[in-house]
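What follows is the residue order along each chain.
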Amino acid sequence: MDKIIEAIINWDFWMLLATATIPLALHNYSRTSTTMNAINELRQKSTIKWQAITDIPKEFDNITPVQRHLIMDYLNEYDHFCTLYNEGLIKKSIVKKTRKTTIKNAFNIHKSFITRWREEYDAEAWINLELCASKI
């Protein structure tokens, strides 16, 4: 017990504690900052892209190639963001609080489009979006 008290009083103990805690605090701050930047970027890009596709029919066969491209751009924004989420590169708790509904909507509203695209072109298309929407 005397050694513990002596170690606490010893300056080296506090230096060691600071050396261990400061990088952890900086890492947590960095992840929060990165998450907020990613959320803001998604918000800005997806809002513009959403406005371009709101009046497009949801049925794959009833839309032109240009309209398909617009929907793909919109879904790609969410897929890129969800890749960060799925890999743990951004803070999941903040994403769940701020983007949960929009991520689920991005997938669910365009689910028939995604299914059809996967059948015809790419079986792995928007897989990160789907994983994120199911986990969040």
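In the block above lies the structure referred to throughout.
Described in the following lines is the structure provided in the data block. The residue count restarts for each chain, going from 1 along the sequence in the order it is written. Only residues with pLDDT of 70 or above have their local features reported here, since the model is predicted, and side-chain atom pairs are shown and tallied only from 80 upward, although totals for entire chains, interfaces and linings are computed over all residues. Calculated side-chain values reflect all of the structure's heavy atoms, with hydrogen atoms and water omitted.

Here we look at the overall build of the protein chain
Here is step 1: Along the backbone of the protein chain there are 6 helices and 0 strands.
Here is step 2: When burial is assessed residue by residue, the protein chain has 29% of its 136 residues classed as buried.
Here is step 3: Working rule for contacts: check all heavy atoms of both residues, and any pair within 4.5 Å makes them a contact. Intrachain contacts of the protein chain at a sequence separation of at least 6 include 71% that bridge at least 24 residues.
Here is step 4: Accessible areas in this description were obtained via Shrake-Rupley with a 1.4 Å probe; residue shielding takes into account the shown protein chains only. Here the protein chain displays about 8800 Å² of accessible surface, and carbon together with sulfur accounts for 59% of that area. Each helix is a run of H or I in the DSSP string that is no shorter than four residues. Each strand is a run of E no shorter than two, and both are numbered from the N terminus. To sort residues, take the accessible area from a 1.4 Å probe on protein chains only and compare it with the maximum for the residue type: under 20% means buried, over 50% means exposed, and anything in between is partly exposed.

Digging into helix α6 (residues 127–135)
Here is step 1: Of all the residues in α6, the buried ones are Asn-128, Leu-129, Cys-132 and Ala-133. Each buried residue of α6 lies within a common arc of 130 degrees when the element is viewed along its axis, so the set occupies one face.
Here is step 2: Turning to α6, the residues buried within the fold contact α3 (65–86), α4 (92–109) and α5 (111–120). Working note: the arc is built from the helix axis to C-beta atom directions.

A short note on the nonpolar core
Here is step 1: The biggest cluster of nonpolar side chains holds 30 residues, and the ones touching the most others in it are Leu-75, Phe-81, Val-95, Ile-103, Phe-113, Trp-126 and Leu-129.
Here is step 2: Contributing elements (two or more residues each) for this core: α2 (11–53), α3, α4, α5 and α6.
Here is step 3: The greatest single-element share of this core, amounting to 8 residues, is contributed by α3.
Here is step 4: With sequence-adjacent residues up to four places away left out, Val-95 is seen in contact with Thr-35, Ile-39, Phe-81, Tyr-85, Ile-90, Lys-100, Ile-103 and Ile-136. Note on terminology: a nonpolar core comprises buried Ala, Val, Leu, Ile, Met, Phe, Trp, Tyr and Cys residues joined through side-chain atoms within 4.5 Å.

A few points about α5
Here is step 1: All of the buried residues in α5 are Phe-113, Ile-114, Trp-117 and Arg-118. Down the axis of α5, the buried set is contained in an arc of 130 degrees. They therefore lie on one face.
Here is step 2: Where α5 is buried, its residues meet α3, α4 and α6.

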